[in-house]
Every structure is written in C-alpha cells, then in structure tokens.
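Coordinate analysis (summary)
The chain contents come next:
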Amino acid sequence: MKTGKLIVISGPSGVGKGTVVKELMRRHDKARFSVSATTREIRPGEVDGVNYYFISRERFEQLIAEDALLEHAVYVGNYYGTPEAKVNEQLAAGYDVILEIEVQGALQVKKRRPDAVLIFITAPSFEELARRLRGRGDTAEDKVLARLETARWECQLAKDYDYIVVNDTVDAVTERILTIIAAEDYRADRCEEVIKEAD
Ligand code: 5GP
C-alpha cells in the first residue's frame, strides 16, 4: 500500500480556512485531520480531543523535550503543535493527513519532511480580507488592524509554500486543493515503483 501524503494548509485569520478544511475533509475520503495540541483556553462548542488536545504549558513543554511534536509555534501567546506519532501512523495506513497550522509551524514541517505539500489560502485581496474580518462583528477595530498586519507578514512567508490558492468561494477553493492533492500522486518522486521496474 502507498503511504499517504502530508498536506499542510495555512492562511491568515479571516480567510475562511476552517470552512475550507471542513469541506475538504467531507470531499476527500482518504484524508484524516491532524488534531493539534494547544495551551489556549477551550472555546464554547469545542471538544477536547476533537478540535484540539487542550493541555497545560508544563505538559506541552514536556512534549517538546520528548521531541514528540512534528512542529510547534507560539501564536498570540499560546503554544500550538502537531503530535508526530499519530501523523506517522495515519500516513503509514495510507491516509492523507491534513494539518491546519500557522506559517512558522508549516515551514518547520517542510524542513523536517521535504515531501510535505504546503498550501497557502489567501483572500482575493486585502480589502476583501478586511471586509471579512469586520463582517464577523465580534472583533474590535484595533484587533482587525493587528490581524491584517499579521496577514501581510504571513503572505510574505507564503512564497516558500508549494501552492497558493485564492479563496473566492468555498466550493472553488476546495476543488483547487483537491486537484493539487490528486496531482501530487503523479510526482516522479512518488512513483518509485515505476522507476524501479524500468531498472
Ligand atoms: P485558533 O486558536 O484560532 O484555533 O488557531 C490559531 C492559529 O493556530 C491558526 O492559524 C491555526 O491554523 C494555528 N494552529 C492550529 N494548530 C496548530 C499547530 O498544531 N501548529 C501550529 N504551528 N499552528 C497551529
């Protein structure tokens, strides 16, 4: 059986990543979502072990010391990280594993696992991103401006991703990501059997 692919998805706050990833999981039957560990507070509606593993700082630092995380980063004062064992288990079972993580962590994954596929989701424009952030209605204007500033920095780092896709509609962007994932199966470095047979 072929091992699965490691797919990393990032994008600025407000771009609609969560919705896109949900739609992607619904439409890709051989994908598994990687549940991250975090030290941030649980939000209403979230479930421990489903959205995240909500753990203490001490426990998180223990995981770092044990080298149990594929990557980790501090984002808005909290730790976030990807437990590595589970990812490896699911890849070995042939599943594509989807990581929805921020840019610093994504670039660490690329260093550690050069075969990972990094996909960055952007908004059609910064004006549109600002409109979406304000449209949420629950965010004060200074926070909106801070998020837009972070988004600019994140978009600059996106040049080191493998793919950049625009989120104009959820359906269209999901289709683009599915196309990328499908095409990745045919990369020469994933087709070792074909090459071995020709030897
Ligand atoms: P939130 O707290 O809103 O759920 O997530 C904040 C940010 O952390 C988002 O950009 C999300 O993609 C990112 N994130 C979630 N899990 C991980 C992780 O395991 N590692 C890293 N580096 N970022 C993560």
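Residues numbered from 1 in each chain as written. Predicted model: local features only at pLDDT ≥ 70, side-chain atom pairs only at ≥ 80, totals over all residues. Heavy atoms only, no water.

Read across the sheet, four strands follow the order β4-β3-β6-β5 without closing on themselves; strand pairing throughout is mixed. In this open sheet, the two strands that pair with only one neighbour each are β4 (52-54) and β5 (69-75). Strand after strand, the sheet turns through a mean of 25 degrees between neighbouring axes, direction not considered. Pairing between strand β3 (residues 36-38) and strand β6 (residues 78-83): two bridges, direction antiparallel. Each bridged residue has a counterpart across the sheet, and for A37 the counterpart in β6 is G81. (Pairing = 2+ DSSP bridges. Helix = DSSP H or I, 4+ residues; strand = E, 2+ residues; numbered from the N terminus. Axes fitted to C-alpha atoms, helices over the stretch in contact; angles between N-to-C directions.)

Formed by 24 residues in total, the largest nonpolar core has its most connected members in I9, I119, I121 and I177. For this core, the secondary-structure elements that each account for two or more residues are β1 (6-10), α1 (17-27), β8 (117-122), α5 (126-135), α6 (141-157) and α7 (170-184). A per-element tally of this core places α7 first, with five residues. Each residue touching I9, except ones within four places of it in the same chain, is listed here: V21, L24, I98, L99, E100, I101, I119, I121 and I177. In this structure, V8, V87, A116 and L118 belong to the second largest nonpolar core, which totals 16 residues. (Core = buried A, V, L, I, M, F, W, Y, C linked by side-chain atoms within 4.5 Å. Buried < 20%, exposed > 50% of the residue type's maximum accessible area, 1.4 Å probe, protein only. Contact = heavy atoms within 4.5 Å.)

Okay, the sheet that holds strand β7 (residues 96-100) next. Taken together, five strands build an open sheet; the order of strands is β2-β7-β1-β8-β9 and the sheet is parallel. Each of the sheet's edge strands pairs with one partner strand only, and the pair in question is β2 (31-33) and β9 (163-166). Pairwise comparison of adjacent strand axes, ignoring direction, gives a mean angle of 25 degrees for this sheet. Pairing analysis gives four bridges linking β1 to β8, with the strands arranged parallel. When the sheet's bridge partners are listed, V8 is paired in β8 with L118. Packed onto the sheet, helix α3 (residues 84-92) meets β1, β2 and β7 and runs at close to 145 degrees relative to β7.

Scanning all chains against the criterion turns up five aromatic pairs. Consider the rings of Y52 and F54, whose centres lie 5.7 Å apart with planes at 65 degrees: the pair is edge-to-face. Taking the centre distance of 5.4 Å and the plane angle of 75 degrees together, the rings of F120 and Y161 count as edge-to-face. Placement of the pair is F120 in strand β8 and Y161 in the loop between α6 and β9, with a sequence separation of 41 residues. When sorted by exposure, F120 lands in the same class as Y161, which is buried. Connected via pairs of aromatic rings, a cluster forms that spans Y52, F54, Y75 and Y80. The ring of Y95 carries R32 above its face, with NZ or CZ at 4.0 Å from the centroid. (Phe/Tyr/Trp six-rings, centres within 6.5 Å; stacked < 30°, edge-to-face > 60°. Lys NZ or Arg CZ within 6 Å of the ring centre and 35° of its normal.)

The subject of this paragraph is the side chain of T122. Topologically, T122 is positioned in strand β8. The exposure class assigned to T122 is buried, which follows from its relative accessible area of 14%. Not counting residues up to four positions away in its chain, the partners in contact with T122 are V15, C155, I164, V165, V166 and N167.

Viewed as axis vectors pointing N to C, α1 and α7 meet at an angle of 55 degrees, and their least axial separation amounts to 9 Å. The angle between α1 and α7 places the two elements in the oblique class. When the axes of α1 and α7 are compared, the crossing they make is right-handed. Contact residues: α1 offers T19, V20, E23, L24 and R27, while α7 offers V170, D171, V173, T174, E175, I177, L178 and I181. Considered class by class, the residues forming the contact of α1 with α7 number seven nonpolar, two polar and four charged. (Parallel < 35°, antiparallel > 145°, perpendicular 65-115°, else oblique. Left-handed = near helix turned anticlockwise from the far one by under 90°. Nonpolar A, V, L, I, M, F, W, Y, C, P; charged D, E, K, R; others polar.)

Interpretation note: all reported values are geometric properties and have no functional meaning in isolation.
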